[in-house]
Amino acid sequence: MNANAVLPAHDAWIIIGAFSVLWVLIGWWLGRNNNSLEDYMLAGRKVGMGFAVATAMATWVTSNTTMTAPQLTYQLGIWGMVGYSLGAVGLLLFAPLARRIRTLMPQGYTSGDFIRLRYGRTAWRVFLAISFFYSLGWLISLGMAGGLLINALSGIPYAYGMTVIVAICTLYTVFGGLKAVIGTDFIQTILILVGVVALGVLVVDKVGFDTIHATLSEERPELLNMLLPASIMFLFNNLFFGVGEIFHSNVWWSRAFAFAPGVGFRAYLTAGVFWLPIPIVAGLIALAAPALGINVPSPDMVAPLVAGKLFGLFGGILVFVVVFAALASSLDSVLAATSDLIVKDIYKGHIRPAASDRELRTAAVWIILGLGAMTWALSLMRLATLGSLLHFTGAFVASTIWPIAVGLLYKRGNGVHATAAMVLGSAGGLAAYFTIGFYVAALVSAGISMAVMALAFLQRPSFDWANLTAARQSSTGDMS
Amino acid sequence: MLFRILMLMTVFTASAPLAFGQTLTLADDGRSAGYATLAWAAVDGNSFLLEEYEGDEWHTIYEGGDRATTLSGLVDGSYRFRLSADGGAPGPEFDLTVAHHPLSRAFGFFGAGAVMLAVLIVLLVVGARRHEGDEGEPS
């Protein structure tokens, strides 16, 4: 699996070591003044525009963008590449919702808070199950990507590379909370942008569009086919998968709560615009593989293999740094946001309703450590390829789009509608995943969920926004 | 509940490779999308030769130490492969049949997606406009 490794293991360990020390030090330094639970979980609710755009972008540029976008391009061609870039629509459409969230729940902590107060406890529990499952899937895909990347580039065994990446991200998230996550995201965004653009330019310069096109036409004509059926089906599927991920996930809600008033709308809009071209550039790298005669043992390794073959040691280091930054920026975010969800919605919501802030802060640390350990253990099993693992969760998250959107903006719809939309949508998405393919699971899930939530518009508006007032006025952030 | 979910995830995502003959397996099955990953993880040897039968003769499509290869961009049709290890005799042949989804189905999903996106945008724009000027006070 690593016959094409271009980075000596010794060099790879030096890079890993240097970045690990850097991230942990930054995490510790940024987190040294965290005095309250609100500081730790939501960075004091005063994140400004620059950091807000950087964290939204860096978190959405994941290992999935830098490794799965090339994979899908290699498998589904031009439309696979374009389809992946439509993931930006999720950020763009979340912009108005981020403003609404900050307005409705200035003292809120999690997306679970909103679902419970808006739709009741049954919908809340279904939502938590979906959200936790998704977060775990995302964490595992990140851990796997780390192991695969290090193995592909340097030959270091998968288990070692994955272990180091998961351990380092867990460590600095524990030290610094959301401040550390956002602070490191800023640096990681710069590394990712510079690295991805450099790689794209170098690929075009070294191989050339004409050579890439000629080889694909000769050897893999369907990758250039604008009417490739699976790719056409995938286009909107990926869009709704991305929308579902962002609308429901506490990763994005926690940022909406953490951004200073007035920042969320502009930050998400700007991040979406800047994110859009990144999968296209990353995907382009994969299309050069046939022209270079590279064997691709596993499609999720295509980007590192191309960079390594084309640019040798320099390319290997460049990809390594980019994907390491992308991995870390997402892994820390998901760890922190999932920990928030577990602390507030499961530990306080179900187990210890009377827990103090001090107790919750301690619980948050242990939960981050536990999540890190769980991610490590499940990543070790290598359940599936990155793409299939990721899109499996699409069947679940796309079912939450309509309950979230309707619930935030309209007084219509109740817990029965929301619960049915999520359960039936997820079931339909799963059925489509197994009977047709991963490229329709989110689309079918979102379609069924939409049909169910449409029933809410046949009834009179019934929800009273004042039900959220208690949460808005609580000084401790308790959502009673 | 979590355990059940994890078990389901394990069962559903760890797709069992489809075996064709004794040497090659289909590690990632995308035959209806024009791609497939062929693997030979259990074959003894250090150097492998994978060939495809085309135009009345066998053509090399991979030679080296890897234990899998991903084919993509395949058009509808039947493909035949064979593998040999360390210069030995080729293993059994196997056929891979690629059959893309019908375009009518593809455009059905495409149309549904486009309509859903339009509905979502209208829902968000209309809803957000209703709350413009709320300034933190739920109406």
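Owing to the predicted nature of the structure, the values given are computational and were not obtained by experimental measurement.

### Here's the deal with the environment of Leu149 of chain A
Here comes step 1: As for its placement among the helices and strands, Leu149 of chain A is situated in helix α7 (residues 121-154).
Here comes step 2: When sequence neighbours within four positions are dropped, the list of residues in contact with Leu149 of chain A reads Met67, Pro304, Val319, Phe320, Val323, Phe324 and Leu327 of chain A.

### A closer look at the confidence of the model for chain B
Residues and elements named next belong to chain B.
Here comes step 1: Overall, the predicted model of chain B reaches an average pLDDT of 82, with 79% of residues at or above 70.
Here comes step 2: Of all secondary-structure elements in chain B, the lowest mean pLDDT belongs to helix α1 (residues 2-13), at 37, while strand β7 (residues 77-85) reaches the highest, 95.
Here comes step 3: This model gives residues 1-21 a pLDDT under 50, and the stretch forms 35 contacts once residues within four places in sequence are excluded.
Here comes step 4: The low-confidence segment residues 135-139 (pLDDT under 50) makes twelve contacts with residues lying over four places distant or belonging to another chain.
Here comes step 5: Scored as a complex, the prediction yields pTM 0.82 and ipTM 0.84.

### Structural notes on empty space enclosed by the protein
It is a probe the size of a water molecule, rolled over the atoms, that shows where empty space is left.
Residue and element names in this part refer to chain A.
Here comes step 1: Per the stated rule, a full pass over the model turns up three cavities of 30 Å³ or more.
Here comes step 2: Its boundaries defined by the atoms lining it, the second largest cavity holds a volume of some 70 Å³.
Here comes step 3: In terms of lining, the second largest cavity is formed by Thr66, Val196, Leu199, Ala282, Ile285, Ala303, Val319, Val322 and Val323.
Here comes step 4: Sorting the residues of the lining of the second largest cavity by element identifies α8 (158-206), α13 (278-287) and α14 (302-351) as the ones contributing at least two each.
Here comes step 5: With four residues, the single largest contributor to the lining of the second largest cavity is α14.
Here comes step 6: Along the lines of polarity and charge, the residues of the lining of the second largest cavity split into eight nonpolar, one polar and no charged.

### Description of the layout of surface pockets
Here comes step 1: Looking at the second largest pocket, its volume works out to about 610 Å³.
Here comes step 2: In terms of lining, the second largest pocket is formed by 25 residues, of which the most central are Glu219 and Arg220 of chain A together with Glu52, Ile61 and Leu71 of chain B.
Here comes step 3: For the lining of the second largest pocket, the secondary-structure elements that each account for two or more residues are α9 (209-219) of chain A together with β4 (48-54), β5 (57-64), β6 (68-71) and β7 of chain B.
Here comes step 4: No other element matches β5 of chain B, which puts four residues into the lining of the second largest pocket.

### Points about the interface of chain B and chain A
Here comes step 1: The interface of chain B with chain A comprises 53 residues on the first partner and 66 residues on the second.
Here comes step 2: When chain B packs against chain A, close to 5,100 Å² is buried across both sides, 74% of that on carbon and sulfur atoms.
Here comes step 3: At the junction of chain B with chain A, the criterion picks out zero salt bridges.
Here comes step 4: At the surface where chain B touches chain A, the tally comes to 15 residue pairs in polar contact (both at pLDDT 80 or more).

### Observations concerning the environment of Ile192 of chain A
All names here are of chain A.
Here comes step 1: Looking at where Ile192 falls in the secondary structure, it is placed in helix α8.
Here comes step 2: For the pair Ile192 and Ala58, spaced 134 residues apart in sequence, the C-alpha separation works out to 7.9 Å.
Here comes step 3: When neighbours within four sequence positions are excluded, Ile192 is seen to be in contact with Val61, Val322, Ala325, Ala326 and Ser329.

### Comments concerning the pattern of salt bridges
Any two side chains of opposite charge can pair if their charged atoms end up close together.
Here comes step 1: Scanning all chains against the criterion turns up five salt bridges over all chains.
Here comes step 2: In this structure, Glu359 of chain A engages Arg352 of chain A in a salt bridge whose closest nitrogen and oxygen atoms are separated by 2.8 Å.
Here comes step 3: For Arg352 of chain A, a relative accessible area of 40% puts it in the partly exposed group.
Here comes step 4: Here Arg82 of chain B makes a salt bridge to Glu51 of chain B, at a shortest N to O gap of 2.8 Å. Of this pair, Arg82 of chain B sits in strand β7 while Glu51 of chain B is found in strand β4, placing the two residues 31 residues apart along the sequence. Accessibility assignment for this pair places Arg82 of chain B and Glu51 of chain B in one class, buried.
Here comes step 5: Here the salt bridges share partners, and the residues they tie into one network are Arg80, Glu93 and Asp95 of chain B.

### What to know about the sheet that holds β5 of chain B
All names here are of chain B.
Here comes step 1: Strands sit in the order β5-β4-β7-β8 across an open sheet of four strands; the sheet is antiparallel. Pairing within the sheet leaves two strands with one partner each, and these edge strands are β5 and β8 (94-98). Pairs of neighbouring strands in the sheet enclose a mean axial angle of 30°, with direction left out of account.
Here comes step 2: Relative to β5, β4 runs antiparallel, the two sharing seven bridges.

### Some thoughts on the packing of α7 of chain A against α8 of chain A
Residue and element names in this part refer to chain A.
Here comes step 1: Viewed as axis vectors pointing N to C, α7 and α8 meet at an angle of 130°, and their least axial separation amounts to 7 Å. Comparing the axis directions of α7 and α8 gives the class oblique. For the pair α7 and α8, the sense of crossing is right-handed. Touching Gly143, Met144, Gly146, Gly147, Leu148, Ile150 and Asn151 of α7 are Tyr158, Gly161, Met162, Ile165 and Val166, all from α8.
Here comes step 2: Split by residue class, the contact of α7 with α8 holds seven nonpolar, five polar and no charged.

### Some remarks on α7 of chain A
Residue and element names in this part refer to chain A.
Here comes step 1: The end-to-end C-alpha distance of α7, which contains 34 residues, comes to 49 Å, matching closely the 50 Å that a straight helix rising 1.5 Å per residue would cover.
Here comes step 2: Extensive coverage of α7 is indicated by the burial of 30 of its 34 residues.
Here comes step 3: Two residues or fewer past α7, Gly155 is found with a positive phi of approximately 80°.

### Considerations on the side chain of Thr419 of chain A
Residue and element names in this part refer to chain A.
Here comes step 1: With respect to the element layout, Thr419 can be found in helix α18 (residues 415-435).
Here comes step 2: Using a relative accessible area of 15% as the deciding quantity, one classes Thr419 as buried.
Here comes step 3: For Thr419, the side chain forms a polar contact with the main-chain oxygen of Gly415, separated by 2.7 Å.
Here comes step 4: Not counting residues within four places of it along the chain, the set of residues in contact with Thr419 comprises Thr122, Ala123 and Val126.

### A word on the nonpolar core
Here comes step 1: In terms of nonpolar packing, the biggest core is built from 195 residues, with Phe94, Phe240, Phe247, Trp252 and Phe320 of chain A together with Leu120 of chain B touching the most fellow members.
Here comes step 2: Among the elements that line this core, the one with the most residues is α14 of chain A, at 25 residues.
Here comes step 3: If sequence neighbours within four positions are ignored, Phe240 of chain A has contacts with Ala398, Ile401, Trp402, Ala442, Leu443 and Ala446 of chain A together with Gly113, Met116, Leu117 and Leu120 of chain B.
Here comes step 4: In this structure, Leu26, Leu38, Phe48 and Leu83 of chain B belong to the second largest nonpolar core, which totals 18 residues.

### With respect to the packing of aromatic side chains
Here comes step 1: Summed over the entire model, instances satisfying the criterion amount to 27 aromatic pairs over all chains.
Here comes step 2: Each ring, one from Phe81 of chain B and one from Phe94 of chain B, has its centre 5.8 Å from the other, and the planes form 35°; the classification is tilted. Separated by 13 residues along the polypeptide, Phe81 of chain B in strand β7 and Phe94 of chain B in strand β8 bring together distant segments of the chain. For the pair formed by Phe81 of chain B and Phe94 of chain B, the shared burial category is buried.
Here comes step 3: These aromatic residues form a ring-pair network of at least three members: Trp60, Tyr84, Phe94, Tyr134, Trp138, Phe247, Trp252, Phe259, Tyr268 and Trp275 of chain A.
Here comes step 4: We note Arg99 of chain A situated over the ring of Phe265 of chain A; from NZ or CZ to the ring centre the distance is 4.3 Å.

What counts and how
- Every residue gets a number counted from 1 within its own chain, in the order that chain's sequence is written.
- For this description, chains carry letters from A and ligands carry numbers from 1, given in the order in which they are written.
- Reporting of local features is limited, given that this is a predicted model, to residues whose pLDDT is at least 70; pairs of side-chain atoms are given and counted only at 80 or more, and all residues count toward the totals for whole chains, interfaces and linings.
- Values reported for side chains reflect all heavy atoms of the structure, with hydrogen atoms and water molecules removed beforehand.
- In DSSP terms, a helix is any run of H or I states spanning at least four residues, a strand is any run of E spanning at least two, and both are numbered starting from the N terminus.
- Here, residues are in contact when the closest pair of their heavy atoms is within 4.5 Å.
- What pLDDT expresses is the predictor's confidence in each residue, scored from 0 to 100.
- Here a cavity denotes a set of grid points, spaced 1 Å apart and computed over the protein atoms alone, in which a 1.4 Å probe fits but from which it cannot get out, and a pocket denotes an open set meeting protein on both sides within 12 Å along at least five of seven lines; residues with an atom within 4 Å of a point are reported as lining.
- Grid points are joined across faces, edges and corners, and a volume is the space filled by probe spheres set on the points.
- Gly is put with the polar residues, along with every residue not named as nonpolar or charged; the nonpolar set is Ala, Val, Leu, Ile, Met, Phe, Trp, Tyr, Cys and Pro, and the charged set is Asp, Glu, Lys and Arg.
- Buried area is understood as the total, over both parts, of accessible area removed when two parts are fitted together, assessed with a 1.4 Å probe.
- Each salt bridge in this description consists of a side-chain nitrogen of Lys or Arg and a carboxyl oxygen of Asp or Glu lying within 4 Å of one another.
- Any pair of nitrogen or oxygen atoms within 3.5 Å is treated as a polar contact; in protein, a donor-acceptor pairing is required on top of that, and neighbouring residues in sequence qualify only through side-chain atoms on both sides.
- Partly exposed residues are those whose accessible area sits between 20% and 50% of the maximum for their type, while under 20% is buried and over 50% is exposed, using a 1.4 Å probe and protein chains only.
- When DSSP finds two or more bridges between a pair of strands, those strands are recorded as paired.
- Note on definitions: angles span 0 to 180 degrees between N-to-C directions of axes, and those axes are lines fitted to C-alpha atoms, for helices only across the stretch in contact.
- Each angle gets one of four labels, with under 35 degrees taken as roughly parallel, over 145 as roughly antiparallel, 65 to 115 as roughly perpendicular, and the rest as oblique.
- Left-handed describes a crossing whose near helix is turned anticlockwise from the far helix by less than a right angle; the clockwise case is right-handed.
- Take the residue count of a helix, subtract one, and multiply by 1.5 Å to get its expected span.
- Side-chain atoms within 4.5 Å are what join buried Ala, Val, Leu, Ile, Met, Phe, Trp, Tyr and Cys residues into a set we call a nonpolar core.
- Pairing of aromatic rings covers Phe, Tyr and Trp, the last through its six-membered ring, and needs centres within 6.5 Å; plane angles under 30 degrees mean stacked, over 60 mean edge-to-face, and all others mean tilted.
- Our definition puts a charge over a ring when NZ of Lys or CZ of Arg is within 6 Å of the ring centre and also within 35 degrees of the ring normal.

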